[in-house]
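Structural overview for review
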Amino acid sequence: MRREYVESGGLTWLVHVAGEGAPLLMLHRPPFSGASLQSLAEHAARRFLVVAPDLPGCGGTGALAEAAWRVEDCALACIALADDLGLGRFAVAGEGEGGYVALAMARTIPDRVTAVAVIAPPAGPAEPPGPGLPDAQPHWDGRHLAGLWAWLRESACFSPWH
């Protein structure tokens, strides 16, 4: 996959691109990057033009202006990126919370999204937490550190993308 920097919607995006054919926008799970989808993207690139951006605030892409990371904000930013890349009509696939963004894009521009795939959706609320560490209230005995360590271990060791 080749990497390109693209200016869109006031952000500098890092975009991973491979293949040719009908466009397929692939969205990763925060806080990872589009590179986390590399093996899947390379397989899809046999039939599609795969575009896998680093979502806002993740990897090599700048953060959205708003302090709160909302699915709709990210979907609008991804739509602007698709416009600036000249994708026209395209399929979109989202892994984890990226699936929430894919669904929001399909709701927003149903005439342009030809297909949606949601891969390994979270079982949590529809509004995922933003990129970064989970909230941890400090405790005098340090148990908050054990919780953060467990979160980090599960994110890195048990993620299918590592």
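This text gives an overview of the structure that appears in the document. This is a predicted model, so every value here is computed, not measured.

Quick notes on the pairing of strand S2 (residues 11-18)
- Of all eight residues that make up S2, seven are buried, and the element is covered over most of its length.
- Across seven bridges, the pairing between strand S1 (residues 2-8) and S2 is antiparallel. Bridging across to S2, arginine 3 finds its partner in histidine 16.
- Between S1 and S2, which pair antiparallel and follow one another directly, the connecting turn spans two residues, one of which, glycine 9, has a positive phi of 60°.
- Pairing between S2 and strand S4 (residues 48-53): four bridges, direction antiparallel. Of the residues in S4, the one forming a bridge with valine 17 is valine 51.

Brief notes about helix H2 (residues 71-84)
- The first and last C-alpha atoms of H2 sit 20 Å apart over 14 residues, in line with the 20 Å expected at 1.5 Å per residue.
- Of all the residues in H2, the buried ones are Val71, Asp73, Cys74, Ala75, Ala77, Cys78, Ile79, Leu81 and Ala82.
- Tucked into the core, H2 has its buried residues touching S1, S2, strand S3 (22-27), S4, strand S5 (90-95) and helix H3 (97-108).
- In the segment just after H2, glycine 86 is the residue with positive phi, at about 70°.

Some details on the pairing of S3
- Counted residue by residue, S3 has five buried out of six residues, so it is predominantly covered.
- Where S3 lies against S4, four bridges are found, and the strand directions are parallel. Bridge pairing links leucine 25 to valine 51 in S4.
- Each parallel crossover has a hand, and the one from S3 via helix H1 (residues 38-44) to S4 is right-handed.

What counts, and where the lines are drawn
Residues numbered from 1 in each chain as written. Predicted model: local features only at pLDDT ≥ 70, side-chain atom pairs only at ≥ 80, totals over all residues. Heavy atoms only, no water. Buried < 20%, exposed > 50% of the residue type's maximum accessible area, 1.4 Å probe, protein only. Helix = DSSP H or I, 4+ residues; strand = E, 2+ residues; numbered from the N terminus. Pairing = 2+ DSSP bridges. Expected span 1.5 Å × (residues − 1). Contact = heavy atoms within 4.5 Å. Right-handed = clockwise from strand over helix to strand, strands pointing away.

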